[in-house]
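Here are the chains, one letter per residue:
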Amino acid sequence: MTTSSNTATTALLHTPLHALHQELGARMVPFAGYAMPVQYPAGLMKEHLHVREKAGLFDVSHMGQLRLSGPDAAAALESLLPVDVIGLDLHKQRYGLLLNDDGGILDDLMFVNRGDDLFLIVNGACKAADIAWIQGRIGQICTVTPMPEQALLALQGPSAVQALEALVPGVNKLVFMTGGAFAWQGQSLYITRSGYTGEDGFEVSLPATAAQAFARALLAQDGVMPIGLGARNSLRLEAGLCLYGNDIDTSSTPAQASLNWAIPKVRRLSGERAGGFPGADKVLAEIDQPSTLPRKRVSLLGQERVPVREHTELHNAQGERVGEVTSGLLSPCLDKPIAMAYVPLEYAAAGTLLYAMVRGKKIPMEVTSGAFVPARYYRG
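Source: prediction; values computed, not measured.

Asker: Describe the overall build of the chain, listing the residues and the values that go with them.
Answerer: For the chain, the count of helices and strands is 9 helices and 19 strands. The globule rule puts the C-alpha radius of gyration for 380 residues at 21 Å, and the 21 Å found for the chain is close to it. Seen through its principal axes, the chain has C-alpha atoms that stretch 65 × 50 × 50 Å. By residue count, 56% of the 380 residues in the chain fall in the buried class. Intrachain contacts of the chain at a sequence separation of at least 6 include 66% that bridge at least 24 residues. Counting only carbon and sulfur atoms, one obtains 52% of the accessible surface of the chain, whose full area is about 16200 Å².

Here is the structure:
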């Protein structure tokens, strides 16, 4: 559908920090139905490196927040995810995959056991469909409550803990993948310690009415600067983290997406609570028999300094097309092209050399394992 820029702009939703982004000189772009900052005047490169060196503030209020409550909420959610929800301890957080009946990934999400409820954070572009799916599948078993009145901020980087502790004493006691209830100027906050950058960091859920004041207070802390979607994308790719819609979607299963680590033994074949989630037969069979996979997600490190973007074709040494890049850019930290792609199993082993076709030129890319930049999560 073609539409004028004015119509597109007026149709976009605004986060509670929209006026602040404009005040800070952000370049705004459409993203997941919202007007979102892609970068600020400092530029993507400086923003990216600043997060690696100090701390960056991200507005992620476009993402979906919801809570599941009731005595059977954990069992109900576990019926939708191939993870251990029932055994999740108080204020512990986990990564989960929402699957369809064919084992395809509808979304990836984070959830935490807050005691009185399970608090979920889902991707912005998927939130309406996710909430409808969850409501339709388990809405009769537990209460599903969307939380559009809440904003969500992320503070990431090695000095994030000092900046947040100055405003919210006690957050330094959190460790990676845990959360807790806090307060700031009479406002209730729920804070988790994880992140999408590979750095130590936090996510702060708070009332939308308090978001701008809290964001300003964080930006006033030493070493904190605002960060846009551009650097958010380059940071997560360096950290080896998937972007829904690029690297994972309904065409990819957990095993194909190299996300077996997210499925614990208790939900696998012979586990205490094996299966019982959408697409379980296919998903568990692929994990149990990896040689049957039709393809697998891999990481690629370029051997020449030529950016390799998404949708770039990958060829083998014989010039045959064997895959396509799903995410790719020039790494600000490594100064080399990095990428993710799906390839047949015969090309998925670390050390395999493939060629990205960029404007008719063959750019050598080596299959590698793990993150491009080591994670620095705080585990205590």
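Now, onward.
Asker: Break down the packing of aromatic side chains for me, with residues and values.
Answerer: Counting across every chain of the model gives 4 aromatic pairs. Geometrically, the ring pair formed by W184 and F214 is edge-to-face, given 5.0 Å between the ring centres and 75° between the ring planes. With W184 in strand β10 (residues 178–184) and F214 in helix α7 (residues 208–219), the pair connects residues that are 30 residues apart, well separated along the chain. The burial state of W184 is the same as that of F214; both residues are buried. Cation over ring: R114 sits above F119, and NZ or CZ is 4.5 Å from the ring centre. For R114, the ring lying beneath its charged end belongs to Y190, and the centroid distance is 5.1 Å.

Asker: Could you give an account of the packing of helix α3 (residues 44–53) against helix α8 (residues 229–238), with specific residues and numbers?
Answerer: At a minimum axis distance of 9 Å, the contact between α3 and α8 shows a crossing angle of 50°. By the angle between their axes, α3 is oblique relative to α8. Taken as a pair, α3 and α8 cross one another with a handedness that is right-handed. Taken together, the residues of α8 that come into contact with α3 (itself represented by L44, E47, H48, V51 and R52) are G230, A231, S234, L235 and E238.

Asker: Describe the side chain of Q156, listing the residues and the values that go with them.
Answerer: Turning to its location among the elements, Q156 is positioned in strand β9 (residues 150–156). At 2.7 Å, the side chain of Q156 and the side chain of T197 are in polar contact.

Asker: Any chance you could break down the pairing of strand β5 (residues 93–99) for me, citing the residues and the numbers?
Answerer: For β5, the tally of buried residues reaches 6 of 7 residues, placing the bulk of the element in the interior. Two successive antiparallel strands, β5 and strand β6 (residues 105–113), enclose a turn made up of 5 residues, where G103 displays a positive phi of approximately 85°.

Asker: Hey, could you go over the sheet that holds strand β8 (residues 143–146) for me, with residue numbers and the actual values?
Answerer: Spatial ordering of the open sheet is given by β5-β6-β7-β4-β8, a layout of 5 strands whose pairing is antiparallel. Two strands lie at the open edges of the sheet, namely β5 and β8, each paired on one side alone. Along the sheet, successive strands turn relative to each other by an average axial angle of 30°, direction set aside. Pairing analysis gives 7 bridges linking β5 to β6, with the strands arranged antiparallel. Across the sheet, L98 pairs through a bridge with D107, a residue of β6.

Asker: Got a sec to walk through the environment of W261? Specific residues and values, please.
Answerer: Following the sequence through the fold, W261 ends up in the loop between α8 and α9 (280–288). For W261, a relative accessible area of 59% gives the class exposed. Aside from chain neighbours lying at most four places away, what touches W261 is Y95 and R268.

Asker: Help me get a handle on the nonpolar core, residues and values and all.
Answerer: One finds L155, L164, V168, L189, I191, L206 and F214 to be the most contacted residues of the largest nonpolar core, which totals 29 residues. Where this core is concerned, the elements lending two or more residues are β3 (55–59), β9, α6 (160–167), β10, β11 (187–193), β12 (201–207) and α7. Counting residues per element, this core draws most heavily on α7, at 6 residues. In this structure, A76, L81, V85 and L120 belong to the second largest nonpolar core, which totals 22 residues.

Asker: Report on the pattern of salt bridges, specifying residues and quantitative values.
Answerer: For the structure shown, the criterion picks out 16 salt bridges. Linking D117 and R67 is a salt bridge whose minimum nitrogen-to-oxygen distance equals 2.7 Å. With D117 in the loop between β6 and β7 (118–122) and R67 in strand β4 (residues 64–69), the pair connects residues that are 50 residues apart, well separated along the chain. What makes R67 partly exposed here is its relative accessible area of 25%.

Asker: Before we move on, could you go through the sheet that holds strand β13 (residues 224–226) and cite the residues and values that matter?
Answerer: Read across the open sheet, the 6 strands follow the order β10-β11-β12-β9-β3-β13; overall the sheet is mixed. In this open sheet, the two strands that pair with only one neighbour each are β10 and β13. Within this sheet the neighbouring strands show an average axis-to-axis angle of 25°, counted without direction. Its contacts with the sheet put α3 on β3, β9 and β13, and the angle it makes with β13 is roughly 145°. Across the sheet, α7 is in contact with β3, β9, β10, β11, β12 and β13; its angle to β12 comes to roughly 145°.

The rules behind each value
- Residues numbered from 1 in each chain as written.
- Predicted model: local features only at pLDDT ≥ 70, side-chain atom pairs only at ≥ 80, totals over all residues.
- Heavy atoms only, no water.
- Helix = DSSP H or I, 4+ residues; strand = E, 2+ residues; numbered from the N terminus.
- Rg over C-alpha atoms; globule rule 2.2 N^0.38 Å.
- Buried < 20%, exposed > 50% of the residue type's maximum accessible area, 1.4 Å probe, protein only.
- Contact = heavy atoms within 4.5 Å.
- Areas by Shrake-Rupley, 256 points an atom, 1.4 Å probe, with all protein chains shown as cover.
- Phe/Tyr/Trp six-rings, centres within 6.5 Å; stacked < 30°, edge-to-face > 60°.
- Lys NZ or Arg CZ within 6 Å of the ring centre and 35° of its normal.
- Axes fitted to C-alpha atoms, helices over the stretch in contact; angles between N-to-C directions.
- Parallel < 35°, antiparallel > 145°, perpendicular 65-115°, else oblique.
- Left-handed = near helix turned anticlockwise from the far one by under 90°.
- Polar contact = N/O pair within 3.5 Å; in protein donor to acceptor, adjacent residues only side chain to side chain.
- Pairing = 2+ DSSP bridges.
- Core = buried A, V, L, I, M, F, W, Y, C linked by side-chain atoms within 4.5 Å.
- Salt bridge = Lys/Arg side-chain N within 4 Å of Asp/Glu carboxyl O.

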